[in-house]
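This is what each chain is made of:
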Amino acid sequence: MGKLVVYLKYFFIVFFVIIQTIVFKALYFVFPDTTKKIILKLGEKTTMTQNPKFKFEDWGPTFWTLNFVKAAVAHAWKNTGDEAFVGGLAPNTPVLNLDGEKTDIYGFIKGRRPLVLSFGSCT
């Protein structure tokens, strides 16, 4: 049941991104100033609008492009397999080792020894 929910969530995200892109493109065509205000308001939640060098004209119109849809769908698909389920295997998430090389969590497993992951910092 858990995996079904994860995949349904993925398809909902894809559907939402496509609908959002179509709606913003139509709104921008009819009401460009209102659409700009809406997107800037959404940008406040992610601090995108706090950088004075980051102008709306540079990033705003990207919300209704095919590249935005591709990036959002690819990101959603990549994170779909990162769900952990009770009694199941841990997700094999990509990580960087101490040398800065990209690997995955399963690459650290040695034989039948248990692998302990500790997240945090010692300051």
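An account of the accompanying structure is given in this report. Since we're looking at a predicted model, the values are computed, not measured.

Rules used in this analysis
Residues numbered from 1 in each chain as written. Predicted model: local features only at pLDDT ≥ 70, side-chain atom pairs only at ≥ 80, totals over all residues. Heavy atoms only, no water. Salt bridge = Lys/Arg side-chain N within 4 Å of Asp/Glu carboxyl O. Helix = DSSP H or I, 4+ residues; strand = E, 2+ residues; numbered from the N terminus. Buried < 20%, exposed > 50% of the residue type's maximum accessible area, 1.4 Å probe, protein only. Core = buried A, V, L, I, M, F, W, Y, C linked by side-chain atoms within 4.5 Å. Contact = heavy atoms within 4.5 Å. Phe/Tyr/Trp six-rings, centres within 6.5 Å; stacked < 30°, edge-to-face > 60°. Expected span 1.5 Å × (residues − 1). Arc of directions from axis to C-beta.

Another aspect to go through is the pattern of salt bridges. Here the structure, examined in full by the defined rule, presents 1 salt bridge. Here Glu57 ties to Lys36 by a salt bridge, and the two come within 3.3 Å at their closest N and O atoms. Pair noted here: Glu57 is in helix 3 (residues 56-59) and Lys36 is in helix 2 (residues 32-45), with a separation of 21 residues, a long-range link. Glu57 sits in the exposed class, given a relative accessible area of 52%.

Core analysis: the biggest nonpolar cluster contains 6 residues, these being Phe24, Ile39, Phe56, Trp59, Phe63 and Trp64. Those residues in contact with Phe56, other than ones at most four positions away along the chain, are Lys36, Ile39, Leu40 and Pro61.

Here the focus is the packing of aromatic side chains. Applying the stated rule across the entire model yields 5 aromatic pairs. Judged by centre distance (6.5 Å) and plane angle (25°), the ring pair of Phe12 and Phe16 falls under stacked. Of this pair, Phe12 and Phe16 both sit in helix 1 (residues 2-30), 4 residues apart, roughly one helical turn. Classification of Phe16 by relative accessible area gives partly exposed; the value is 47%. In this structure an aromatic cluster arises from ring pairing among Tyr7, Tyr10, Phe11 and Trp77.

With that out of the way, let us pick up the environment of Lys45. You can see Lys45 is positioned in helix 2. Exposure remark for Lys45: the relative accessible area of 71% places this residue in the exposed category.

Position of Thr21 among the secondary structure elements: in helix 1. Ignoring any residue separated from it by four or fewer positions in sequence, one finds Thr21 in contact with Phe63, Trp64, Thr65, Phe68 and Val69.

Between its first and last C-alpha atoms helix 2 spans 21 Å; for 14 residues at 1.5 Å apiece the expected length is 20 Å, and the two agree. Taken together, the buried positions of helix 2 are occupied by Thr35, Ile39 and Gly43. In an axial view of helix 2, the angular spread of the buried residues amounts to 80°, which keeps them on one side of the axis. Away from the buried face of helix 2 by more than 90 degrees, exposed residues Asp33, Lys37, Lys41 and Lys45 are located. A positive phi of about 60° marks Thr47, the residue just after helix 2.

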